[in-house]
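Secondary and tertiary structure notes
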Amino acid sequence: LAPTVTGISIAVLLGALVTVSGAFRLVWAFQCGSGGVWIFVIGVLSLVCGLAMLASPLLASGVLTLLLTVYFVADGFSEIAVGVRLTGTGAAWLI
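Overview of the structure. These numbers were taken from a predicted model, which means no experiment stands behind them.

As for the overall build of the protein
Assigned secondary structure in the protein consists of three helices and zero strands. Here the C-alpha radius of gyration of the protein, 19 Å, is well above what a compact globule of 95 residues would show, namely 12 Å. Dimensions of the protein, computed from the C-alpha atoms along their principal axes, are close to 50 × 45 × 15 Å. The 95 residues of the protein split such that 19% are buried.

Spelled out as structure tokens, the structure:
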């Protein structure tokens, strides 16, 4: 088992996916006309982030790990908060 190789492979795969997504958003922004300014901005950001992930997959793997950690902690706190607020309705299963 090779966790480093797996992490780098996932980062490269996600980088390629985000890069392609950014390219499609850029094409879509030009087809939208004047209303596609924000789509263009998001497309450029997606393209830059995807290329950065492809350029440095080890760094991207670390950043993805940190982002997932923050997401899971925030999700856990929100489920606990909802479970505490909805007492008596069977929402204790959230806790």
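Description of the packing of aromatic side chains
Within the structure shown, the criterion is met by two aromatic pairs. Between F30 and F40, the ring centres sit 5.7 Å apart and the planes meet at 65 degrees, which makes this aromatic pair edge-to-face. Of the two residues, F30 sits in helix α1 (residues 3-32) while F40 sits in helix α2 (residues 37-55), which places them ten residues apart along the sequence. Seen in terms of ring centroids, Y71 and F72 are 5.4 Å apart; in terms of plane orientation they differ by 55 degrees. Their pairing is tilted. Judged by relative accessible area, which is 53%, F72 ranks as exposed.

Here's the deal with a nonpolar patch on the surface
A surface patch of nonpolar side chains, about 890 Å² in accessible area, is lined by F30, V37, W38, F40, V41, I42, V44, L45 and V48. Top contributing element to the nonpolar patch by residue count: α2, with eight residues.

Examining the side chain of T19
One can find T19 in helix α1. Within the local environment of T19, its side chain forms a polar contact with the backbone oxygen of G15, the two atoms lying 2.7 Å apart. Contact partners of T19, with chain neighbours within four places excluded, come to S46, L47, G50, L51 and L54.

Some words on the packing of α2 against helix α3 (residues 57-85)
The contact between α2 and α3 brings their axes to 5 Å, and the two run at 115 degrees. If you check the angle between α2 and α3, you find them roughly perpendicular. Where α2 abuts α3, its residues M53, L54 and A55 lie against P57, A60 and L64. Its residues assigned to classes, the contact of α2 with α3 shows six nonpolar, no polar and no charged.

A short note on α2
Between its terminal C-alpha atoms α2 stretches 27 Å, which fits the 27 Å expected from 19 residues at 1.5 Å a residue. Among all positions of α2, only I39, G43, S46, G50 and M53 are buried. Seen end-on, α2 carries its buried residues on one side only, within an arc spanning 95 degrees. The exposed set on the far side of α2, more than 90 degrees from its buried face, consists of V37, V48 and A55. On its buried face, α2 sits against α1 and α3.

Cut-offs used in this document
- Residues numbered from 1 in each chain as written.
- Predicted model: local features only at pLDDT ≥ 70, side-chain atom pairs only at ≥ 80, totals over all residues.
- Heavy atoms only, no water.
- Helix = DSSP H or I, 4+ residues; strand = E, 2+ residues; numbered from the N terminus.
- Rg over C-alpha atoms; globule rule 2.2 N^0.38 Å.
- Buried < 20%, exposed > 50% of the residue type's maximum accessible area, 1.4 Å probe, protein only.
- Phe/Tyr/Trp six-rings, centres within 6.5 Å; stacked < 30°, edge-to-face > 60°.
- Patch = residues over 30% accessible without salt bridge, like charges linked within 9 Å, V, L, I, M, F, W, Y side chains within 5 Å.
- Areas by Shrake-Rupley, 256 points an atom, 1.4 Å probe, with all protein chains shown as cover.
- Salt bridge = Lys/Arg side-chain N within 4 Å of Asp/Glu carboxyl O.
- Polar contact = N/O pair within 3.5 Å; in protein donor to acceptor, adjacent residues only side chain to side chain.
- Contact = heavy atoms within 4.5 Å.
- Axes fitted to C-alpha atoms, helices over the stretch in contact; angles between N-to-C directions.
- Parallel < 35°, antiparallel > 145°, perpendicular 65-115°, else oblique.
- Nonpolar A, V, L, I, M, F, W, Y, C, P; charged D, E, K, R; others polar.
- Expected span 1.5 Å × (residues − 1).
- Arc of directions from axis to C-beta.

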